[in-house]
Amino acid sequence: MPFRTPIKHCRNCGAAVVYRVPDDGDTRERAVCPACDTIHYENPLNVVGTVPYWGDKVLLCKRNIEPRWGKWTLPAGFMELGESTLEGAARETDEEAGAQVEMGPLLSVISVPRVGQVHLFYLARLLSDQFAPGHETIEARLFSEDEVPWEEIAFKTVKETLLRYFEDRRRGQFGVYNLEVT
Ligand SMILES: [Zn+2]
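Scope of this entry: the structure provided in the associated data block. (Residues numbered from 1 in each chain as written. Predicted model: local features only at pLDDT ≥ 70, side-chain atom pairs only at ≥ 80, totals over all residues. Heavy atoms only, no water.)

**Re the coordination of the zinc ion**
For a metal with four tetrahedral donors the ideal donor-metal-donor angle is 109.5 degrees, while six octahedral donors give ideal angles of 90 or 180 degrees.
Here is step 1: The coordination sphere of the zinc ion contains the protein donors Cys10 (SG), Cys13 (SG), Cys33 (SG) and Cys36 (SG), at a distance range of 2.3 to 2.4 Å.
Here is step 2: Classification of the site at the zinc ion rests on its four donor atoms, whose angles at the metal span 103 to 118°, yielding the label tetrahedral.
Here is step 3: One chain supplies every donor for the zinc ion, spaced along it as C-x2-C-x19-C-x2-C.
Here is step 4: Judged by relative accessible area, which is 27%, cysteine 36 ranks as partly exposed. (Donors = N, O, S within 2.8 Å, 3.2 Å for Na, K, Ca; no water. Tetrahedral: all angles 85-135°; square planar, octahedral: opposite > 155°, others 65-115°. Buried < 20%, exposed > 50% of the residue type's maximum accessible area, 1.4 Å probe, protein only.)

Here's what the structure looks like:
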């Protein structure tokens with residue numbers, strides 16, 4: 001897995017692990033501990049976010065962090081242990097934009113196998129047009145469809161989600177989109 005730092009030490013006992021196919025019928029290489037036999041499974045991470053809307057505009061955040069510093073994104077981030085996807089998406093929206101929302105339906109589920117992630121975006125109705133961006137955001141502002149800086153969008157999953165959001169808005173009906181991006 002080129003996109004994640006290989007595991008070096010056992011989480012259980014601290015011994016150096018080796019990558020090999022376990023003897024239990026598994027077919028993939030895993031980090032296996034030769035000392036205590038613990039097998040470390042590595043699986044995709046969930047990124048959860050929102051499409052926050054206010055009238056015919058959507059809220060975008062200008063990133064103050066790498067990667068893609070200075071590019072625009074929808075509020076989104078890694079889901080934390082102990083929270084639901086809805087809770088995580090609302091939390092990220094508050095943390096990155098200082099925006100309060102009423103969570104709506106799921107809009108997109110996008111697999112990104114290249115980096116071992118799944119991105120989920122929910123529609124979210126903004127409760128106010130006043131924002132208080134956190135340290136990860138340079139600026140949070142509302143854009144109508146023709147104002148969106150399409151060439152300055154940070155991630156493909158965000159661009160795909162925005163494109164479908166505006167399509168669905170025109171149609172007057174929102175679907176759930178299962179996509180994969182490379
Ligand atoms: Zn061990």
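**Digging into helix H2 (residues 156-171)**
Here is step 1: The first and last C-alpha atoms of H2 sit 23 Å apart over 16 residues, in line with the 22 Å expected at 1.5 Å per residue.
Here is step 2: The complete set of buried residues in H2 reads Thr157, Val158, Thr161, Leu162, Arg164, Tyr165, Phe166 and Asp168.
Here is step 3: Looking at the residues trailing H2, positive phi occurs at glycine 172, about 80°. (Helix = DSSP H or I, 4+ residues; strand = E, 2+ residues; numbered from the N terminus. Expected span 1.5 Å × (residues − 1).)

**Focus on the packing of aromatic side chains**
What characterises a pair of aromatic rings is the spacing of the ring centres plus the angle enclosed by the ring planes.
Here is step 1: For the structure on display, the rule yields five aromatic pairs.
Here is step 2: Between the aromatic rings of tryptophan 150 and phenylalanine 166, the centroid separation amounts to 6.2 Å while the plane-to-plane angle is 75°, which identifies the pairing as edge-to-face. A residue pair is termed long-range when its members are at least 10 positions apart, and tryptophan 150 in the loop between strand S10 (137-143) and H2 and phenylalanine 166 in helix H2 qualify at 16 residues.
Here is step 3: Where tyrosine 165 meets phenylalanine 174, the ring centres are 5.6 Å apart and the plane angle is 20°; that geometry is what we call stacked.
Here is step 4: Looking at phenylalanine 174, the relative accessible area reads 38%, which means it is partly exposed.
Here is step 5: A connected cluster of aromatic rings, assembled from ring pairs, spans Tyr53, Trp150, Tyr165, Phe166 and Phe174.
Here is step 6: Positioned above the aromatic ring of tyrosine 177, the side-chain terminus of arginine 164 is 5.7 Å from the ring centre. (Phe/Tyr/Trp six-rings, centres within 6.5 Å; stacked < 30°, edge-to-face > 60°. Lys NZ or Arg CZ within 6 Å of the ring centre and 35° of its normal.)

**Observations concerning the pattern of salt bridges**
Here is step 1: Summed over all chains, the structure comprises 10 salt bridges.
Here is step 2: For arginine 20, the salt bridge goes to aspartate 23, with nearest N and O atoms at 3.3 Å.
Here is step 3: Judged by relative accessible area, which is 73%, aspartate 23 ranks as exposed.
Here is step 4: Glutamate 152 is paired through a salt bridge with lysine 71; the nearest N and O atoms lie 3.3 Å apart. Note that glutamate 152 is positioned in the loop between S10 and H2 and lysine 71 in the loop between strand S5 (57-63) and strand S6 (72-73), a separation of 81 residues in sequence.
Here is step 5: Through salt bridges with shared partners, a single ionic network connects Glu83, Arg91, Glu92 and Glu95. (Salt bridge = Lys/Arg side-chain N within 4 Å of Asp/Glu carboxyl O.)

**Focus on the sheet that holds strand S1 (residues 18-20)**
Here is step 1: Read from one edge to the other, the open sheet built from three strands follows the order S1-S2-S3, with strand pairing classed as antiparallel. Strand pairing shows two members of the sheet lacking a second neighbour, S1 and strand S3 (39-40), which therefore form its edges.
Here is step 2: In terms of strand pairing, strand S2 (residues 30-32) meets S3 through two bridges, oriented antiparallel. Bridge pairing in S3 places valine 32 opposite isoleucine 39. (Pairing = 2+ DSSP bridges.)

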